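# Inside the fold
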Amino acid sequence: MQSRAPLAVLALLFCSPAALAESFEVDWPAGWEVQQMPAPQSPFEPEVTGERQRAMKLKPNGEQEVVVEITRLPLSPSVEIDLDKVLRQMRQGIQLGFAQNLLLTACQPPADTEMGDLPAREVRCDISQQGTPVLQQNLLMARNDKAVYSLSYAMPVANVAALEETLQALRKSLRLR
C-alpha cells in the first residue's frame, strides 16, 4: 500500500536551523517548485533568525517525488555546536512525528559527507509502514565560521534510485557563505 500522508507530514516535520538569502545559493533543477519559508528563530542565539527554502519535484499527476529543504542560521564564531547532537535531536523529532502516524523510522548513525564545499555530517532514515519501506529521508548539517546549515530531503523509496544523481548534483551545487 502506497501512502501519500507520510510525505505530506514530512513537509511539516523539518526541524532544522535557518538561513539568510544572500548567504547560500542553490542550483534548483528546472521544473522544481521553490518556496521561501518563514524565517525560524535560532535555538543557539537570542533574536537571531535566518531563511529557509523548500523545493519540491512533482510528478505530472501532481504527486510529490521529493521534498528538499535547506536552511542557514547565522552564528557567532564563539558559539559551539555539536552537529551530531543537533542531528540526533532532529532525528528524534522526525521519528516521533512518523510514529504518531503509525510509521516506523530506522536511522543510521551520523556519517561524514559534504554539503557544497563544506564538510558535513549526514543521517539517513528509512521509514516503513506495516513492515514495508515507504520513504527515505536524509538529514545533513555543516558549519563554517559564519553559520550552521542543514539540508533535508525525503522521497518515496521507489524514487530513490532515479533521483540519486540529481540530489548529489544539488548537494554539490550548494554555495554556502
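Residues numbered from 1 in each chain as written. Predicted model: local features only at pLDDT ≥ 70, side-chain atom pairs only at ≥ 80, totals over all residues. Heavy atoms only, no water.

## A word on the overall build of the protein
What the protein contains, in helices and strands, is 3 helices and 10 strands. When the helices and strands of the protein are read in sequence order from the N terminus, they spell out α-β-β-β-β-α-β-β-β-β-β-α-β. A buried classification covers 52% of the 177 residues belonging to the protein. Considering only contacts within the protein whose residues lie at least 6 apart along the sequence, 61% involve residues at least 24 apart. When the accessible surface of the protein is totalled, it reaches about 8900 Å², and 52% of it is carbon and sulfur. (Helix = DSSP H or I, 4+ residues; strand = E, 2+ residues; numbered from the N terminus. Buried < 20%, exposed > 50% of the residue type's maximum accessible area, 1.4 Å probe, protein only. Contact = heavy atoms within 4.5 Å. Areas by Shrake-Rupley, 256 points an atom, 1.4 Å probe, with all protein chains shown as cover.)

## Some details on the nonpolar core
Core analysis: the biggest nonpolar cluster contains 24 residues, and Val68, Met115 and Leu151 have the highest contact counts within it. Sorting the residues of this core by element identifies β4 (64–74), β7 (118–129), β8 (132–143), β9 (147–156) and α3 (160–173) as the ones contributing at least two each. When residues of this core are assigned to their parent elements, the largest contribution, 5 residues, is made by β9. Residue contacts for Leu151: discarding those within four places in its chain leaves Val68, Glu69, Ile70, Met115, Asn138, Leu139, Leu140, Leu170, Arg171 and Leu174. (Core = buried A, V, L, I, M, F, W, Y, C linked by side-chain atoms within 4.5 Å.)

## Overview of the state of the cysteines
Per the counting criterion, the structure on display carries 1 disulfide. What pairs with Cys107 in a disulfide is Cys125, and their sulfur atoms sit 2.0 Å apart. Across the S-S bond of Cys107 and Cys125 the torsion is about 105°, and the bridge reads as right-handed. On the criterion of sequence distance, the pair formed by Cys107 in strand β5 (residues 104–107) and Cys125 in strand β7 is long-range, its members being 18 residues apart. By relative accessible area, Cys125 is classed as buried at 0%. (Disulfide = S-S within 2.5 Å.)

## Notes on the confidence of the model for the protein
Model confidence for the protein is summarised by a mean pLDDT of 86, while 88% of its residues fall at 70 or above. Mean pLDDT values for the elements of the protein range from 36 in helix α1 (residues 5–13) up to 97 in β7. pLDDT under 50 marks residues 1–22. Its contacts with residues more than four places away, or in other chains, come to 64 contacts. (pLDDT = per-residue confidence, 0-100.)

## A few points about unusual backbone geometry
We note that Glu47 has phi near 60°; this positive angle belongs to a residue other than glycine. Mapped onto the elements, Glu47 comes out in the loop between β2 (33–37) and β3 (51–58). Among the residues examined, Glu47 registers a relative accessible area of 78% and is labelled exposed. Positive phi outside glycine occurs at Gln130, with the angle close to 50°. With respect to the helices and strands, Gln130 occurs in the loop between β7 and β8.

## Here's the deal with the side chain of Arg54
Position of Arg54 among the secondary structure elements: in strand β3. Overall, the relative accessible area of 12% leaves Arg54 in the buried class. Within the structure, the side chain of Arg54 is placed 2.8 Å from the side chain of Glu69, a separation counted as a polar contact. (Polar contact = N/O pair within 3.5 Å; in protein donor to acceptor, adjacent residues only side chain to side chain.)

## A look at the environment of Asn144
Its location among the elements puts Asn144 in the loop between β8 and β9. Excluding its chain neighbours within four sequence positions, the residues that come into contact with Asn144 are Leu118, Tyr149, Leu176 and Arg177. Engagement of the side chain of Asn144 in a polar contact is seen with the backbone nitrogen of Ala147, the distance being 2.9 Å. Within the structure, the side chain of Asn144 is placed 3.2 Å from the side chain of Tyr149, a separation counted as a polar contact.

## Topic: α3
End to end, α3 covers 19 Å across 14 residues, agreeing with the expected 20 Å (1.5 Å per residue, within 8%). The principal kink in α3, of about 25°, is found at Thr166. Those residues of α3 lying buried are Val160, Leu163, Leu167, Leu170, Arg171 and Ser173. (Expected span 1.5 Å × (residues − 1). Bend = angle between axes of the 7 residues up to and from the residue.)

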